[in-house]
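What the coordinates show
Spelled out, the chains give:
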Amino acid sequence: LEEKKSVVTDLKVSFSTGDKFTGALTLQDLNLFHIAKRANMKLTLGQKIGRGEVSLADPHFFGSRWETILSVFYEQLNRPGFDTKEVGGSVSLLHDFTSHLRLLNKYQVDKTTFSNVTDPAEGAEHDNTTSRLSTSVSYDWRDSFSDPRDGYLLAGGLDIGNKITSSGKNFIQPKLQFVHYTS
């Protein structure tokens, strides 16, 4: 019996004409402090983006069959006409009913700050703090998660969000996805 590596490192470098060069470093501990918890740290840097994210996952929330994921992030983006800084966090509850049927519930709060706005009429808002409650269910019958050649994926969900300080910024967004893979 051989235990797989506890710490995994992933390094990615990409280039696009819009974003130029971007690099991402991910460090993941699959058995944090040998207590069956997972920790993940991801850092993304580029000419137009800077993002850091830390998450902690507990596969058996208070001894149940629900997986809990706590996550916090900070992001800076340079866009044409304005820059943004965003900070936020989320808590997710994930449950696998079968090896193919999965339910995800997530609550996220984030605050976005705009700067270097070229059109002052576009950037007049002061508080851009939003909250979002999401629920989704998926049925995944693919032969491989990372490189599917056969099978299908059916997923649906609903996002309900609002701007915390203003009731006029509410939204509901339904989602539906069906993908079929053939050899």
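Use the structure listed above.
In this report, the structure presented in the accompanying data block is examined. (Residues numbered from 1 in each chain as written. Predicted model: local features only at pLDDT ≥ 70, side-chain atom pairs only at ≥ 80, totals over all residues. Heavy atoms only, no water.)

Things to note about the side chain of S131
Within the element layout of this structure, S131 appears in strand β8 (residues 129–140). You can call S131 buried: its relative accessible area is 10%. In this structure the side chain of S131 is engaged in a polar contact, spanning 2.6 Å, whose partner is the side chain of N162. (Helix = DSSP H or I, 4+ residues; strand = E, 2+ residues; numbered from the N terminus. Buried < 20%, exposed > 50% of the residue type's maximum accessible area, 1.4 Å probe, protein only. Polar contact = N/O pair within 3.5 Å; in protein donor to acceptor, adjacent residues only side chain to side chain.)

A short note on the side chain of S90
Within the element layout of this structure, S90 appears in strand β6 (residues 82–96). Judged by its relative accessible area of 14%, S90 falls in the buried class. Not counting residues within four places of it along the chain, the set of residues in contact with S90 comprises I69, L70, S71, K106, Y107 and Q108. (Contact = heavy atoms within 4.5 Å.)

Examining a nonpolar patch on the surface
Taken together, L11, V13, F15, F21, L25, L27, M41, L43, L45, V54 and V72 make up a surface patch of nonpolar side chains, about 1100 Å² in accessible area. Secondary-structure elements contributing two or more residues to the nonpolar patch are β1 (7–16), β2 (20–32) and β3 (37–46). Mapping L45 onto the fold places it in strand β3. (Patch = residues over 30% accessible without salt bridge, like charges linked within 9 Å, V, L, I, M, F, W, Y side chains within 5 Å. Areas by Shrake-Rupley, 256 points an atom, 1.4 Å probe, with all protein chains shown as cover. Salt bridge = Lys/Arg side-chain N within 4 Å of Asp/Glu carboxyl O.)

Observations concerning the pairing of strand β7 (residues 101–115)
Both β6 and β7 contribute to a ladder of 14 bridges, which runs antiparallel. When the sheet's bridge partners are listed, V91 is paired in β7 with Y107. A loop of four residues connects β6 with β7, the two strands running antiparallel in sequence. With 11 bridges joining them, β7 and β8 adopt antiparallel strand pairing. Across the sheet, the residue bridging to Q108 is R132, located in β8. (Pairing = 2+ DSSP bridges.)

A few points about the environment of Q173
Along the polypeptide, Q173 turns up in strand β10 (residues 166–181). Residue classification places Q173 among the partly exposed positions, given a relative accessible area of 38%. Taking C-alpha positions, Q173 is 8.4 Å from G157, a pair spaced 16 residues apart along the chain. In this view, Q173 contacts G157, L158 and D159; residues no more than four positions away in its chain are not counted.

A short note on the pattern of salt bridges
For the structure shown, the criterion picks out nine salt bridges. Salt-bridge contacts for D10 lead to K12; the nearest nitrogen and oxygen are separated by 3.9 Å. Given a relative accessible area of 51%, K12 falls into the exposed group. Taking the shortest distance from any N to any O, the salt bridge between R102 and D96 comes out at 2.6 Å. Given the relative accessible area of 35%, D96 is considered partly exposed. Shared partners join several salt bridges into a network, and the residues in it are R51, E53 and E75.

Points about unusual backbone geometry
Even without a glycine there, the phi angle at F62 is positive, about 50°. The residue F62 is located in the loop between β4 (49–58) and β5 (67–79) in this model. Note on F62: relative accessible area 75%, which makes it exposed. Of note, the phi angle at N116 is positive, near 50°, even though the residue is not glycine.

A few points about the pairing of β6
As paired strands, β5 and β6 are joined by 13 bridges and run antiparallel to one another. Considered in β6, the bridge of Y74 is made with V87. In sequence, β5 turns back onto β6 through a hairpin of two residues, with G81 there showing a positive phi of about 95°.

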